[in-house]
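Each chain is listed here by its residues.
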Amino acid sequence: MKTKTDTLRAYARLAPVIPVVTIDDARASIDLAHALLGAGLSVIEITLRTPQALDAISAIAKAVPDAVIAAGTVLHESQIREVVDAGAKFIVTPGTPVRLAEHLREAAIPVMPGCATVSEAMTLASLGFEVLKFFPAAASGGAAWLKSVQGPLPKLSFCPTGGIDLASAPSYLSLANVPCVGGTWIAPQEALKNGDFARIGRLAAEASALRKAA
Ligand SMILES: O=C[C@H](O)COP(=O)(O)O
Ligand SMILES: CC(=O)C(=O)O
């Protein structure tokens, strides 16, 4: 039987980059999803940092069913039910206190919990999580950290996010324990505000052209 971890591993391999987006106007979300998917980025993380985030998740889930929407910045157990009801396909956290992790373990959808240290990664592994967010990646050791943990933590894979851009993404994607990276550079707030989806499409196409090393 396919587990939530299997499903999450498959999502993490769909595209080399997961755009991390904070939405101020849910009406823009469908154009945004079309721009990203049109360029080949089918996984989109919408952060729960604005009141419009749940509406944006729900709008994309209904109008663009091929998009794999992650709900990011899930900080409280009460948000788990909300994002599942909105149609999110998986959950992302920036960091993961054990109490939250215990609730996330029971979620109806897969979870990519955030960690920034080896001990946090080990705690999450002991709770059954194998695909983790490494956040904030650049500030916490970057690609060198991920390379160092391959030996001691061979079962774990990571989606590094935080301080990554088009230029630095290849150094992460070249690692065997990194199926994808996350970042905000693909959908800048200014482009979203101005409805400049052509620019977002171009940035997404560049990101999509990045390749995982075989
Ligand atoms: O909000 C932070 C995101 O998770 C990563 O942001 P960034 O790609 O701009 O560093
Ligand atoms: C950092 C991130 O991806 C989050 O806020 O969930």
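Model, not experiment: these values are computed from the prediction.

Draft legend 1. Local environment of the sheet that holds strand β4 (residues 90-92). Reading across from one edge, β5-β4-β3-β2-β1-β9 is the order of the six strands in this open sheet, with parallel pairing throughout. Each having just a single partner strand, β5 (111-112) and β9 (181-183) make up the two edges of the open sheet. Direction of pairing for strand β1 (residues 17-21) relative to strand β2 (residues 43-47): parallel, over a ladder of two bridges. Bridging across to β2, Val 20 finds its partner in Glu 45.

Draft legend 2. A look at the sheet that holds strand β6 (residues 114-115). Pairing is parallel across the open sheet formed by three strands, whose spatial order is β6-β7-β8. The open sheet terminates on both sides in strands that have one partner only, identified here as β6 and β8 (157-160). Sheet topology places β6 next to strand β7 (residues 131-134); two bridges connect them, and they run parallel. Paired with Cys 115 across the bridge in β7 is Phe 134.

Draft legend 3. Structural detail: the packing of helix α2 (residues 29-38) against helix α3 (residues 53-63). Across the interface, α2 lies against α3 with an axial gap of 9 Å and an inter-helix angle of 55°. Accordingly, the angle class assigned to the pair α2 and α3 is oblique. Here α2 and α3 pass one another in a crossing that is right-handed. Residues Ser 29, Ile 30 and Ala 33 of α2 touch α3, and the partners they reach there are Ala 56, Ala 59, Ile 60 and Ala 63. Split into classes, the residues belonging to the contact of α2 with α3 amount to six nonpolar, one polar and no charged.

Draft legend 4. Up close: the nonpolar core. In this structure, Leu 32, Ile 46, Ile 91, Phe 158, Val 181, Ile 186 and Ile 200 are the most contacted members of the largest nonpolar core, which totals 68 residues. When residues in this core are grouped by element, the largest group, five residues, is from helix α10 (residues 197-208). When sequence neighbours within four positions are dropped, the list of residues in contact with Leu 32 reads Val 21, Ile 23, Ala 187, Leu 192, Phe 197 and Ile 200.

Conventions and cut-offs
- Residues numbered from 1 in each chain as written.
- Chains lettered and ligands numbered in written order.
- Predicted model: local features only at pLDDT ≥ 70, side-chain atom pairs only at ≥ 80, totals over all residues.
- Heavy atoms only, no water.
- Pairing = 2+ DSSP bridges.
- Helix = DSSP H or I, 4+ residues; strand = E, 2+ residues; numbered from the N terminus.
- Axes fitted to C-alpha atoms, helices over the stretch in contact; angles between N-to-C directions.
- Parallel < 35°, antiparallel > 145°, perpendicular 65-115°, else oblique.
- Left-handed = near helix turned anticlockwise from the far one by under 90°.
- Contact = heavy atoms within 4.5 Å.
- Nonpolar A, V, L, I, M, F, W, Y, C, P; charged D, E, K, R; others polar.
- Core = buried A, V, L, I, M, F, W, Y, C linked by side-chain atoms within 4.5 Å.
- Buried < 20%, exposed > 50% of the residue type's maximum accessible area, 1.4 Å probe, protein only.

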